[in-house]
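Chain by chain, the residues run as shown.
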Amino acid sequence: MKRMLSGIKPSGQLTLGNYIGALREFVKYQNDYEMIVFIANLHTLTVYQDPKELSQNLKDTIALYLACGLDPNRSTIFMQSDVMEHAQLGFILSCNTYMGELNRMTQYKDKLAKGEESMTSGFYVYPTLMASDILIYDPDFVPVGEDQKQHVELTRDVAMRFNNRYGETFKIPQPLIPKIGARIMSLSDPTKKMSKSDEQDKGCIYLLDKPEVARKKVMSAITDLVGKVQYDPINQPGIANLLVIHSALSGRSIENLVKEFEGQGYGTFKKAVADEVVKLLIDLQAKYNDILNQHILDKVLAQGAVKARVLAHQKLKLVETKIGLTID
Ligand code: TYM
């Protein structure tokens, strides 16, 4: 069975973008692949986190993983910091990555362009920790949204370089980007990605938003003056985004939706999108509450960490031997 690995960084509440671009893909794939899914909690530290809030976000994230349908009996689910090998391999890989490569990472360049002054060195090297998260498990595929593709490509480059230097060590993973919903845009600025660190709260739907709050956000999504429901991401990015959200959640094709809403106003269309979103949130939140009441999170994480540690430890030992960190 081919192996897949992915993770989410819970530096805030999980969003509809995380769900459509990543989480529901993980759930879909767990039937046909050996799935490893973790919570990238070390990655959150690249920007300051309030400890109490972080802890709550971690708990919500694991509960949401399960609420979305990740099954601990089929998938390995764990917390990154419970498997210490990630950080150790991360350092080794940062010594096999050039600053020039990190300078080209879009997220770093964006922060630099915004003149952000409090960028941490952890943020700068985080793509090498991500490479470690991946390579330590030898996955065949890494399902991610569009924005993480560049990091998986860097991971491939670092792995190939390492293999060339030290001999075959890492499998070269492939990114797997969903056909629909790889980049869900902000509802208040559809030229920007929907993001948990969005200052404009109105643009982002959180999976734990009250359904009526989410409905309002969809109803006030920015559209355009064209007045026609059609898929034109360049000239009508807001409507295109809403079409993608509807299609991703309802499973209907964009073509089919465009036909249905032809000649109808944006209000009617937005209401249909809001209905899909609200349906999802009601279902997810009921399952989330149920999972919290079962008090199973610690057990699920412990079980996952045991499985992950075995794999990670083996790979780290191999790497250490290859690079000469051990004595004969
Ligand atoms: P993160 O936490 O920003 O995002 C988690 C996943 O959600 C996807 N995603 C989106 N997809 C569609 N539309 C959006 N608006 C949207 N926003 C987020 C992301 O593409 C991603 O797949 N560095 C990673 C976490 C990570 C990781 C890894 C992932 C750490 N180590 C190893 C894979 C493998 C991150 O910050 O993702």
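As a convention, each chain's residues are numbered from 1 in the sequence order in which they are written. pLDDT decides what is reported in this predicted model: residues at 70 or higher carry local features, side-chain atom pairs at 80 or more are listed and counted, and totals for whole chains, interfaces and linings draw on all residues regardless. The basis for every side-chain value is the complete set of heavy atoms in the structure, and neither hydrogens nor water enter the calculation.

The next point concerns the pairing of strand β3 (residues 76-79). Three labels apply to residues, based on accessible area from a 1.4 Å probe with only protein chains included: buried if under 20% of the type maximum, exposed if over 50%, partly exposed otherwise in between. Elements are defined by DSSP. Helices are runs of H or I of four residues or more, strands are runs of E of two residues or more, and each kind is numbered from the N terminus. Along β3, one buried face is formed by T76 and F78 and the opposite face, lined by I77 and M79, is buried too. A pair of strands is considered paired only if DSSP assigns at least 2 bridges between the two. Taken together, the four bridges between strand β2 (residues 34-39) and β3 define a ladder with parallel strand orientation. Looking at the pairing, I39 lines up with M79 of β3.

Counting 62 residues, the largest nonpolar core has L16, Y19, L23, I245 and V277 as the members making the most contacts within it. With 11 residues, the top contributor of residues to this core is helix α12 (residues 266-294). Domain borders in the structure are assigned automatically or taken from a domain database. When residues of this core are sorted by domain, at least three fall in each of domain 1 (3-182 + 295-323) and domain 2 (201-289). Residue contacts for V277: discarding those within four places in its chain leaves L16, I205, A214, V218, I245 and L249. Among buried residues, the Ala, Val, Leu, Ile, Met, Phe, Trp, Tyr and Cys ones that are joined through side-chain atoms within 4.5 Å form a nonpolar core. Residues Y108, I136, L154 and V319 belong to the second largest nonpolar core, which totals 34 residues. Contact definition: two residues touch when any of their heavy atoms are within 4.5 Å.

In this section: the environment of A214. Mapped onto the elements, A214 comes out in helix α9 (residues 211-219). Of the residues examined, A214 reaches a relative accessible area of 0% and is grouped as buried. With 12 residues separating them along the chain, A214 and K202 place their C-alpha atoms 8.8 Å apart. Excluding residues that lie within four positions of it along the chain, A214 makes contacts with I205, D209, V277 and L281.

Inspection of the region around the ligand gives 28 residues, with K9, D133, D147, I184 and K196 positioned closest. Within the side chain of N18, a nitrogen or oxygen atom sits 3.1 Å from an oxygen atom of the ligand. Within the contact set of the ligand, an oxygen atom lies 2.5 Å away from a side-chain nitrogen or oxygen of D147. Calculation of accessible area relied on Shrake-Rupley with a 1.4 Å probe; when residues are assessed, cover is drawn exclusively from the protein chains displayed. Here the ligand loses 98% of its free accessible area of 710 Å² to cover by the protein chains. Of all elements in the fold, only β1 (3-8), α1 (16-29) and α7 (121-135) reach the threshold of two or more residues within the shell around the ligand. In terms of residue class, the shell around the ligand is made up of 13 nonpolar, nine polar and six charged. By convention in these notes, a residue is near a molecule or strand provided one of its non-hydrogen atoms lies within 4 Å of it. Within 3.5 Å is the distance limit for a polar contact, defined as a pair of N or O atoms, with the added protein rule that one can donate a hydrogen and the other accept it, and that residues adjacent in sequence qualify only through two side-chain atoms. For this classification, Asp, Glu, Lys and Arg are treated as charged, while Ala, Val, Leu, Ile, Met, Phe, Trp, Tyr, Cys and Pro are nonpolar and the rest, including Gly, are polar.

Let's shift gears to helix α13 (residues 297-323). Here the expected length of a helix is defined as 1.5 Å per residue gap, with one fewer gap than residues. Between its first and last C-alpha atoms α13 spans 38 Å; for 27 residues at 1.5 Å apiece the expected length is 39 Å, and the two agree. Within α13 the residues assigned to the buried category are L297, V300, L301, G304, A305, A308, A312, K315, L316, V319 and E320. Tucked into the core, α13 has its buried residues touching α3 (51-68), β3, α4 (85-94), α7, α8 (149-166) and α12. Of the residues trailing α13, G324 is marked for its positive phi of about 85°.

For the rest of this paragraph, the subject is the pairing of β2. With five of six residues buried, β2 lies mostly within the body of the structure. Bridge analysis of β1 against β2 gives six bridges, and the strand direction is parallel. Bridge pairing in β2 places R3 opposite E34. Note on handedness: a crossover is taken as right-handed if, strands pointing away from the viewer, the path from the first strand over the helix to the second is clockwise. Running through α1, the crossover from β1 to the neighbouring parallel element β2 is right-handed.

Moving on, we get to the domain arrangement of the protein chain. The domain boundaries assigned to the protein chain delineate domain 1 (3-182 + 295-323) and domain 2 (201-289). The interface is formed by 15 residues belonging to domain 1 together with 16 residues belonging to domain 2. Buried area: the accessible area, evaluated with a 1.4 Å probe, that two parts lose upon being put together, summed over both parts. Both sides of the domain 1 and domain 2 interface together cover about 1,400 Å² of buried area, and 80% of this is carbon and sulfur. Scanning the region where domain 1 abuts domain 2 turns up four residue pairs in polar contact (both at pLDDT 80 or more). Those elements giving two or more residues to the side of domain 1 that touches domain 2 turn out to be α1 and α3. When the residues that make up the side of domain 1 that touches domain 2 are grouped by side-chain class, the tally is 10 nonpolar, three polar and two charged.

Unlike most non-glycine residues, D138 shows phi in positive territory, near 50°. Examined against the element boundaries, D138 turns out to sit in the loop between α7 and β4 (141-143). Residue D138 is classed as partly exposed on the basis of its relative accessible area, which comes to 23%. Unlike most non-glycine residues, H295 shows phi in positive territory, near 50°. The exposure class assigned to H295 is exposed, which follows from its relative accessible area of 70%.

Right, let's talk about the pattern of salt bridges for a bit. In a structure, side chains of opposite charge can pair up when their charged atoms sit close to one another. The salt bridge criterion pairs a side-chain nitrogen of Lys or Arg with a carboxyl oxygen of Asp or Glu, the two atoms within 4 Å. Applying the stated criterion across every chain yields a total of 18 salt bridges. K315 is paired through a salt bridge with D138; the nearest N and O atoms lie 2.7 Å apart. Taken together, the positions of K315 in helix α13 and D138 in the loop between α7 and β4 put the pair 177 residues apart, joining distant regions of the chain. What makes K315 buried here is its relative accessible area of 8%. Residue K271 pairs with D275 through a salt bridge whose shortest N-O separation is 3.3 Å. Residue K271 and its partner D275 are both found in helix α12; the two are separated by four residues, about one turn of the helix. The class for K271 is partly exposed, based on a relative accessible area of 45%. Taken together, the shared-partner salt bridges in this structure form one network comprising E212, R215, K271 and D275.

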